[in-house]
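# Descriptive structure summary
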Amino acid sequence: MNVLVTGARAPIAADLARALSLAGHRVWVSDSLRWPLGAASPFVAGYVRLPAPRRDFGRFCTALAGACERLALDAIVPTSEEVFWLAGTRHRLPPGVDLRTSALPVLAQLHHKGEFARLAASLGYGAAANHVLTSRDEIAALREPERYVFKPVYSRFAARTLLAPTPRQLARLAPTPVEPWLAQTRIAGHELCAYNVAHDGRLLLHIAYAPLVRHGVGASISFGPVEHAGLRELCSRIVVATGFTGQISFDVMETDDGRLVALECNPRGTSGAHLAAQHPAVLATALLGQTTAPADRLPTEPRLLRVPLLLSQPSAWLRWRECRERDALRAAGLPLHAQLLALTEMTWLALRHRTSLARASTADFEWNGEAMRE
């Protein structure tokens, strides 16, 4: 099959491309950047540079449809938040191109933190209280606000999340109907994550893992596998309830009494793909919806992202050999210079737009519920 892996800037894109290539497929990667990580993979047939969907959705649709025709694509495998824009182009794709994700309404429900909280609660995995806030009056009406976690319903990398906020922090919050926030009961316990691949509501692949090191309070940059039957059941129930297709990931808290609370859902790939990629044949068949039996309990080893880890924790330089051996991108075939080049481009974008590296990494394709106008 001819397969396009989108969102090539994401570290997991290199792993997805490698798995699909080793399974015998011809793989291209795409993005809007000049030097995204995945473009340097030795396992891809080429790089397709597309317009940034958030900035010009019409051009993005036209360019993507043209790439489908030119490359005779059979399938598109999304990686990151471009998945929402891709779902919005489904009607523009040539017949026969299999877009490996669910329809936009399903993705939107899972992406909106308030809507997902309601879904999780309906399945028995919800926090004690979840309040979607659209005004300052609704904040004032909350009793004991220090018992809550506050976060925008559309956010990533734990950006702007407030844990047990102070009165001064709450005074600065200004939720609106256009930019609502979620106040969720703060849960004490042990953090777990799960990466899954599903097809039409059936779980095909499941990887449970724990973040060992995070960049601040955001994305994990070192992660190790865990076994947890209850977490697999949680993932399966949500996949069944939504009829989900594609990659879907969850952040979950296990309380001291063993209860699981689903905090957030990412209807896309996350770091767990680096663990799944240690079994490329299993990952490839699941990504394309071809697995005949659910795959879990796969023996995996911890992985890390060497460059981000060394930048965020200078003491990690003392463990250079270990970092090199466990580097997910080295295992995916990416040379160190390609990682540094991608980091240089992202740093330049952050400086140019006077924002953080994390914000710069998603600014041109993140989706916050807005209408998609061609």
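For the structure, check the block above.
This write-up is about the structure you can find in this document. The structure presented is a predicted model; accordingly, all values stated were derived computationally and were not measured.

## Comments concerning the overall build of the protein
For the protein, the helix and strand inventory stands at 15 helices and 15 strands. Over its C-alpha trace the protein gives a radius of gyration of 20 Å, about what one expects of a compact globule, namely 21 Å for 374 residues. With respect to the principal axes defined by its C-alpha atoms, the protein has extents near 55 × 50 × 45 Å. Residue burial in the protein is summarised as follows: out of 374 residues, 56% are buried. A sequence separation of at least 24 residues applies to 65% of the contacts in the protein between residues at least 6 apart.

## Some remarks on unusual backbone geometry
With a phi angle near 50°, Ala72 is a residue other than glycine that sits in the positive phi range. You can see Ala72 is positioned in the loop between helix H2 (57-70) and strand S4 (75-77). The phi dihedral of Ala164 is positive, around 45°, even though this residue is not glycine. Turning to its location among the elements, Ala164 is positioned in the loop between strand S8 (162-163) and helix H7 (167-172).

## Topic: the sheet that holds strand S5 (residues 98-99)
Strand order in the open sheet made by the 5 strands is S3-S2-S1-S4-S5, with parallel pairing throughout. Either end of the sheet is taken by a strand with one partner, and the two such strands are strand S3 (46-49) and S5. The pairing of strand S2 (residues 26-31) with S3 spans 4 bridges and is classified as parallel. Looking at the pairing, Asp31 lines up with Arg49 of S3. Strands strand S1 (2-5), S2 and S4 of the sheet are contacted by helix H1 (residues 11-22), whose axis makes an angle of about 170° with S1.

## Brief notes about empty space enclosed by the protein
Here the structure, examined in full by the defined rule, presents 4 cavities of 30 Å³ or more. The computed volume of the largest cavity comes to approximately 100 Å³. Thr6, Gly7, Arg9, Ser30, Asp31, Ser32, Leu50, Pro51, Pro53, Phe60, Glu82 and Phe365 are the residues that line the largest cavity. In terms of residue class, the lining of the largest cavity is built from 5 nonpolar, 4 polar and 3 charged. Put simply, the second largest cavity is a space of about 50 Å³. Forming the walls of the second largest cavity are Pro78, Thr79, Ser80, Val83, Arg100, Thr101, Phe244, Gly246, Gln247, Pro267, Arg268 and Gly269.

## What to know about the layout of surface pockets
Empty space within the second largest pocket amounts to approximately 340 Å³. Lining the second largest pocket are 17 residues, and of these Leu33, Glu345, Trp348, Leu349 and Arg352 lie nearest its centre. Ranked by residue count, the leading element in the lining of the second largest pocket is helix H14 (residues 336-352), at 5 residues. Here the lining of the second largest pocket is built from residues that sort into 6 nonpolar, 4 polar and 7 charged.

## Section: the environment of Lys113
The residue Lys113 is located in helix H5 (residues 113-122) in this model. Residue Lys113 is classed as buried on the basis of its relative accessible area of 6%. In sequence terms Lys113 and Leu182 are 69 residues apart; their C-alpha atoms lie 7.0 Å from each other. If we ignore the near neighbours within four places in the chain, the residues touching Lys113 are Lys151, Pro152, Val153, Ser155, Leu182 and Glu264.

## Side note on H5
It helps to recall that an α-helix has 3.6 residues per turn; residues three or four apart then point in one direction. Within H5 the residues assigned to the buried category are Lys113, Gly114, Phe116, Ala117, Leu119 and Ala120. Just downstream of H5, Gly124 is the residue with a positive phi angle, here 90°.

## Considerations on the pattern of salt bridges
For the coordinates displayed, the defined rule picks out 12 salt bridges. Of the charged contacts, one joins Lys113 and Glu264 as a salt bridge, the two residues approaching to 3.8 Å between their closest N and O atoms. Of the two residues, Lys113 sits in helix H5 while Glu264 sits in strand S14 (residues 260-266), which places them 151 residues apart along the sequence. Linked by salt bridges that have partners in common, Glu81, Arg156, Arg359 and Glu366 make up one network.

## Focus on the pairing of strand S10 (residues 190-199)
Of all 10 residues making up S10, 7 are buried, and the element is well covered by its neighbours. Two strands pair when backbone bridges link them, and S10 and strand S13 (residues 246-254) are joined in this way by 9 bridges, in the antiparallel orientation. Bridged to Asn196 within S13 is Ile248. With 7 bridges connecting them, S10 and strand S11 (residues 202-214) associate as antiparallel partners. Pairing of Tyr195 across the sheet is with Ile207, part of S11. What sits between S10 and S11 in their antiparallel hairpin is a turn of 2 residues, with Asp200 showing a positive phi close to 50°.

## With respect to the sheet that holds S8
Spatially, S6-S9-S7-S8 is the arrangement adopted by the 4 strands of the open sheet, whose pairing is antiparallel. Because the sheet does not close on itself, it has two edges, and the strands there are strand S6 (130-133) and S8. Where S6 lies against strand S9 (residues 181-185), 4 bridges are found, and the strand directions are antiparallel. Opposite Val132, over in S9, you have Leu182 as the bridge partner.

Cut-offs used in this document
- Residues numbered from 1 in each chain as written.
- Predicted model: local features only at pLDDT ≥ 70, side-chain atom pairs only at ≥ 80, totals over all residues.
- Heavy atoms only, no water.
- Helix = DSSP H or I, 4+ residues; strand = E, 2+ residues; numbered from the N terminus.
- Rg over C-alpha atoms; globule rule 2.2 N^0.38 Å.
- Buried < 20%, exposed > 50% of the residue type's maximum accessible area, 1.4 Å probe, protein only.
- Contact = heavy atoms within 4.5 Å.
- Pairing = 2+ DSSP bridges.
- Axes fitted to C-alpha atoms, helices over the stretch in contact; angles between N-to-C directions.
- 1 Å grid on protein atoms, 1.4 Å probe; cavity = no way out; pocket = protein on both sides within 12 Å on 5 of 7 lines; lining within 4 Å.
- Points joined across faces, edges and corners; volume = space filled by probe spheres on them.
- Nonpolar A, V, L, I, M, F, W, Y, C, P; charged D, E, K, R; others polar.
- Salt bridge = Lys/Arg side-chain N within 4 Å of Asp/Glu carboxyl O.

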